Amino acid sequence: MANSLQARKRVRQTARKTAVNRQRMSRMRTFVVKVETAIAAGEKDAAATMLRQAESELARGARLGVIHRNAASRKVSRLSRRIAKM
């Protein structure tokens, strides 16, 4: 367990940042799942609309450091390719 004041503070900060990052990751996943369900249902217009929202959310996650920017770009690219195939 942390003994110094600095170490205790780092534990508190890490816990707070972990909780925030977990919420952000969950929010990103939710938007991606919405796109995937629209694709599975065969609703191209709805999927395209959801993709724009998911792209924004993924970009925000990449900007805030929750995921790597290349990972966000890759996810958007793969989703848009799947929508284009419909």
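Residues numbered from 1 in each chain as written. Predicted model: local features only at pLDDT ≥ 70, side-chain atom pairs only at ≥ 80, totals over all residues. Heavy atoms only, no water.

## Examining a positive patch on the surface
Alright, step 1. On the surface, a cluster of positive charge is made up of Arg29, Arg74, Lys75, Arg78, Arg81 and Lys85.
Alright, step 2. Examining the composition of the positive patch, we find that 5 residues originate from one element, helix α3 (residues 69-85), more than from any other.
Alright, step 3. Counting through the fold element by element, Arg29 comes out in helix α1 (residues 5-41).
Alright, step 4. Classification of Arg29 as exposed rests on a relative accessible area of 53%. (Patch = residues over 30% accessible without salt bridge, like charges linked within 9 Å, V, L, I, M, F, W, Y side chains within 5 Å. Areas by Shrake-Rupley, 256 points an atom, 1.4 Å probe, with all protein chains shown as cover. Salt bridge = Lys/Arg side-chain N within 4 Å of Asp/Glu carboxyl O. Lys, Arg positive; Asp, Glu negative; His and termini not counted. Charge placed at Lys NZ, Arg CZ, Asp CG, Glu CD. Helix = DSSP H or I, 4+ residues; strand = E, 2+ residues; numbered from the N terminus. Buried < 20%, exposed > 50% of the residue type's maximum accessible area, 1.4 Å probe, protein only.)

## Focus: α3
Alright, step 1. When the terminal C-alpha atoms of α3 are compared, their 25 Å separation across 17 residues agrees well with the 24 Å that a helix rising 1.5 Å per residue should span.
Alright, step 2. What α3 keeps buried is the set Ala71, Ala72, Val76, Leu79 and Ile83. What you see down the axis of α3 is that its buried residues fit within an arc of 135°, all on one side. Away from its buried face, by an angle of more than 90 degrees, α3 presents the exposed residues Arg81, Ala84 and Lys85.
Alright, step 3. In the core, the buried residues of α3 are packed alongside α1 and α2 (44-63). (Expected span 1.5 Å × (residues − 1). Arc of directions from axis to C-beta. Contact = heavy atoms within 4.5 Å.)

## Focus: the side chain of Glu57
Alright, step 1. Mapped onto the secondary structure, Glu57 falls in helix α2.
Alright, step 2. At a separation of 2.9 Å, a polar atom in the side chain of Glu57 contacts the side chain of Arg27.
Alright, step 3. Each residue touching Glu57, except ones within four places of it in the same chain, is listed here: Arg27, Met28 and Phe31. (Polar contact = N/O pair within 3.5 Å; in protein donor to acceptor, adjacent residues only side chain to side chain.)

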